[in-house]
Amino acid sequence: MNLRSKKQFIFSQKILIRSLVFIISITLLNLFSGPVRNFFYLSSSPIANVFMGTGESLNYFFGNILLSKKIRKKSDELERQNKEIMYEMSILKDKIKEFNDTSIAVENSEDLNFSLMLVKINGINLENDTIGINKGQEDGVLEGMLLISKEMSVYGRVTKVFKNFSSVLLLSAKESTVDVKVQPKNIEEKTIFGVLRGKGRQSVYLDLVDAELNLNQDDLIVTSGLEGFFPPNLLIGKVISVDKSDLKPFQTAKVEHYFEIGNSDNLFLIENYKK
Amino acid sequence: MWFKYPLIVLILFFATIFQFSLLPYFSIAGYTPNLLFIIFFLVIFFENKGKYETIIFMAFVCSIFLDITTISYFGISFIILLLIFGLEKAFSYLSKSGQEKISIYYFLAIFSLFFILYHLIGYFVSFFFKFDTGFSFSYMVLIGLLYNIIFAGIGFYLYKLVIYKKDTNQLKLL
């Protein structure tokens with residue numbers, strides 16, 4: 001074998017060996033995907049927490065440049081109180097409706113039938129509308145658990161559970177669909193049912209609402225509980241604009257959701273919800 | 001330089017944490033700068049000859065970090081990044097760009113083209129193979145592009161100042 005062909009042989013051997021190494025590595029990574037991701041989370045979370053704290057502070061700092069500190073504080077407080085009131089009103093409206101229909105006894109607020117698990121966000125991926133939380137299999141997290149804020153606004157659902165952390169699919173993800181209802185301002189009006197779908201990049205919209213029903217701007221959207229997976233009357237958002245056409249059997253609406261990635265310190269997973 | 005490979009892993013590790021813990025607080029229309037792609041593109045743009053081993057290693061490590069954070073299969077981003085590398089080399093060869101074409105305008109134009117191509121390829125992969133790669137493609141990608149261009153421009157100058165100049169000075173000494 002002359003020198004040139006020997007060099008070519010060695011070169012092709014190198015390429016073959018390196019290709020095999022890459023293929024084997026990728027296969028092993030896919031086979032042990034859970035432990036690999038868990039290890040990445042454990043090694044990166046101390047630094048990620050520092051960056052997230054910095055991110056929240058900077059976000060707040062730049063927000064304060066536009067609004068004065070006092071107004072910002074007051075605005076945050078009012079917004080929190082507003083959401084608490086909206087949640088209570090949403091429950092009250094249903095209660096009044098049931099009482100008027102005289103079909104079943106009024107439920108009290110202790111009868112919500114679920115407990116809450118405190119979690120924190122440890123990673124945000126806006127490309128596929130997912131967030132990571134700091135609890136996993138070891139803490140009793142299960143797929144399908146709902147993530148909410150302390151004001152009872154829905155963030156999303158747990159889709160993947162690893163040993164020490166879990167991945168939550170936000171309501172704005174394209175694969176996300178949730179059965180919802182629209183609380184009309186006038187309790188005499190009929191409750192409107194629909195489906196909330198994600199559009200990606202933190203936007204959502206309301207779909208499959210009967211075209212003959214009246215959707216209005218600022219109508220409150222809450223979970224309907226019809227699926228049975230999670231409780232009714234949890235806050236989703238409000239209607240911004242309605243898209244109605246005589247040619248279509250359903251109307252849709254743009255929705256401003258209530259989950260805020262930048263302002264989410266403590267969140268909760270709903271455990272053992274009983275319908 | 002034996003520590004080149006661990007250094008690449010370390011830099012990309014910190015870039016990943018930075019991208020997924022700090023930058024989401026400054027997202028625009030749901031887009032954040034893709035630091036991993038920017039770093040990878042800077043390397044393939046500036047490295048003209050013979051450093052294919054480093055580039056392939058870098059593509060591999062970048063892809064692991066990209067796939068870890070998107071909860072998709074490992075290896076998808078590796079294939080996409082290798083495609084981008086191959087296409088960029090083919091483009092450079094056909095346009096016959098040499099040392100004299102390392103200007104910011106040329107770099108940003110090529111970066112924009114390959115950024116859109118990167119999203120397009122990712123979108124087609126998820127469309128044809130029917131699994132979520134985390135890629136989407138719409139006119140909003142242009143907003144993401146504008147945001148990424150700012151960081152790419154900063155990266156261009158940093159790379160040129162710190163790494164590229166050092167390499168060309170070493171060549172002059174030889």
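Residues numbered from 1 in each chain as written. Chains lettered and ligands numbered in written order. Predicted model: local features only at pLDDT ≥ 70, side-chain atom pairs only at ≥ 80, totals over all residues. Heavy atoms only, no water.

**Some remarks on the overall build of chain A**
We apply this condition: In this description a helix means any DSSP run of H or I spanning at least four residues, a strand means any run of E spanning at least two, and both kinds are numbered starting from the N terminus. Buried, partly exposed and exposed residues are distinguished by accessible area as a fraction of the type maximum, computed with a 1.4 Å probe on protein chains only: under 20%, between the cut-offs, and over 50%, respectively. Throughout, a residue-residue contact means that at least one pair of heavy atoms, one from each residue, lies within 4.5 Å.
Within chain A one finds three helices and 13 strands. Looking at chain A as a whole, 42% of its 275 residues qualify as buried. Sequence-distant contacts in chain A: of pairs separated by 6 or more residues, those separated by 24 or more amount to 59%.

**Concerning the interface of chain A and chain B**
Test applied: Put simply, buried area is how much 1.4 Å-probe accessible surface two parts lose in total, over both of them, once they are put together. For this document, the term salt bridge refers to a Lys or Arg side-chain nitrogen within 4 Å of an Asp or Glu carboxyl oxygen. By the criterion applied in these results, polar contacts are pairs of N or O atoms within 3.5 Å in which, for protein atoms, one can donate a hydrogen and the other can accept it, and in which residues neighboring in sequence qualify only through two side-chain atoms. Each residue gets one label: Ala, Val, Leu, Ile, Met, Phe, Trp, Tyr, Cys and Pro are nonpolar, Asp, Glu, Lys and Arg are charged, and the others, such as Gly, are polar.
Each side of the interface is counted separately: chain A has 37 residues, and chain B has 36 residues. Regarding the contact of chain A and chain B, the summed buried area is about 3300 Å², with carbon and sulfur atoms giving 67% of it. Per-residue buried area on chain A facing chain B is highest for Arg37, Phe40 and Arg201 of chain A; these three make up 21% of the total on that side. For the interface between chain A and chain B, the tally reads one salt bridge. Salt-bridge contacts for Glu53 of chain B lead to Arg18 of chain A; the nearest nitrogen and oxygen are separated by 2.7 Å. For the pair chain A and chain B, the interface holds seven residue pairs in polar contact (both at pLDDT 80 or more). Listed by contribution, the elements that provide at least two residues to the side of chain A that touches chain B are helix 1 (3-31), helix 2 (33-66) and strand 2 (121-125) of chain A. In terms of residue count, helix 2 of chain A provides more of the side of chain A that touches chain B than any other element does, 16 residues in total. Class assignment for the residues of the side of chain A that touches chain B results in 15 nonpolar, 14 polar and eight charged.

**What about the side chain of Asp129 of chain A?**
All names here are of chain A. The condition that has to hold: Only four residue types enter the tally: Lys and Arg on the positive side, Asp and Glu on the negative side; His and the chain ends are excluded.
Relative to the assigned elements, Asp129 resides in the loop between strand 2 and strand 3 (130-133). Arg201 is the oppositely charged side chain nearest to the buried, salt-bridge-free Asp129, at an N-O distance of 6.2 Å. Only 2.9 Å separates the side chain of Asp129 from the backbone nitrogen of Arg201, close enough to count as a polar contact. Beyond its immediate chain neighbours, meaning those up to four positions away, Asp129 contacts Val168, Leu169, Leu170, Ser172, Ala173, Gly200, Arg201 and Gln202.

**Here we look at the side chain of Thr32 of chain B**
Tracing the backbone shows Thr32 of chain B in the loop between helix 1 (4-22) and helix 2 (35-46). Note on Thr32 of chain B: relative accessible area 12%, which makes it buried. Non-local contacts of Thr32 of chain B, meaning those with residues more than four positions away in its chain, are made with Leu126 of chain A together with Leu23, Pro24, Ser27, Tyr147 and Asn148 of chain B.

**Focus on helix 1 of chain B**
Filter applied, for reference: Every helix has an expected span of 1.5 Å times one less than the residues it contains.
For helix 1 of chain B, spanning 19 residues, the distance from its first C-alpha to its last is 26 Å, which sits close to the expected 27 Å at 1.5 Å a residue. By the burial criterion, the buried members of helix 1 of chain B are Ile8, Leu12, Phe13, Ala15, Thr16, Ile17, Gln19, Phe20, Ser21 and Leu22 of chain B.

**A few points about helix 3 (residues 52-70) of chain B**
Here helix 3 of chain B contains 19 residues, and its C-alpha end-to-end distance of 27 Å stays within 8% of the 27 Å for a straight helix at 1.5 Å per residue. The buried count for helix 3 of chain B comes to 15 of 19 residues, which makes it a mostly enclosed element.

**Topic: the nonpolar core**
Selection criterion: Note on terminology: a nonpolar core comprises buried Ala, Val, Leu, Ile, Met, Phe, Trp, Tyr and Cys residues joined through side-chain atoms within 4.5 Å.
Residues Phe40, Phe41, Phe45, Phe107 and Phe111 of chain B are the most contacted members of the largest nonpolar core, which totals 58 residues. With 11 residues, the top contributor of residues to this core is helix 2 of chain B. For Phe41 of chain B, the residues in contact, after removing those within four places along its chain, are Glu88, Phe107, Ile110, Phe111 and Phe114 of chain B. Formed by 53 residues, the second largest nonpolar core is a distinct cluster that contains Ile121, Met145, Met152 and Val178 of chain A.

**Things to note about the sheet that holds strand 12 (residues 250-257) of chain A**
Residues and elements named next belong to chain A. Here is the rule: Strand pairing requires that DSSP identify at least two bridges connecting the strands. Where helices are involved, their axes are fitted lines through C-alpha atoms of the stretch in contact, as for all axes, and angles between N-to-C directions lie from 0 to 180°.
In space, the six strands of this closed barrel follow the order 7-8-9-12-11-10, with antiparallel pairing throughout. For this sheet the average axis-to-axis angle between neighbouring strands, irrespective of direction, equals 45 degrees. Bridge count for strand 10 (residues 220-223) against strand 11 (residues 235-243) is three bridges, and the pairing is antiparallel. Following the sheet pairing, Ile221 is matched in strand 11 by Gly237.

**Notes on the pattern of salt bridges**
Between side chains of opposite charge, a pair can form when the charged atoms approach closely. All names here are of chain A. Going through the model one piece at a time under the given rule, you end up with nine salt bridges over all chains. Its salt-bridge partner being Arg201, residue Glu127 comes within 3.7 Å of it at the nearest N-O pair. Placement of Glu127 in the loop between strand 2 and strand 3 and of Arg201 in the loop between strand 8 (192-200) and strand 9 (203-210) is noted, with a sequence separation of 74 residues between them. The exposure class of Arg201 is buried, given its relative accessible area of 12%. Between Lys163 and Glu138 there is a salt bridge; the shortest N-O distance is 3.9 Å. Of this pair, Lys163 sits in the loop between strand 5 (154-161) and strand 6 (166-170) while Glu138 sits in the loop between strand 3 and strand 4 (146-149), placing them 25 residues apart in sequence. The class for Lys163 is partly exposed, based on a relative accessible area of 46%. Connected through salt bridges with shared partners, the residues Glu77, Arg80 and Glu84 form a single ionic network.

**Some words on a nonpolar patch on the surface**
Residue and element names in this part refer to chain A. For clarity, the cut-off: Each patch is built from residues lacking any salt bridge and having more than 30% relative accessible area; the joining distance is 9 Å for like charges and 5 Å for nonpolar side chains (Val, Leu, Ile, Met, Phe, Trp, Tyr). Working definition of accessibility: Shrake-Rupley area with a 1.4 Å probe, residue cover restricted to the visible protein chains.
A cluster of nonpolar side chains, Leu16, Leu20, Ile24, Leu28, Leu31 and Phe32, forms an exposed patch at the surface whose accessible area comes to about 620 Å². By the secondary structure assignment, Phe32 is in the loop between helix 1 and helix 2. The class for Phe32 is partly exposed, based on a relative accessible area of 48%.

Any functional reading would require information beyond the geometric quantities listed.
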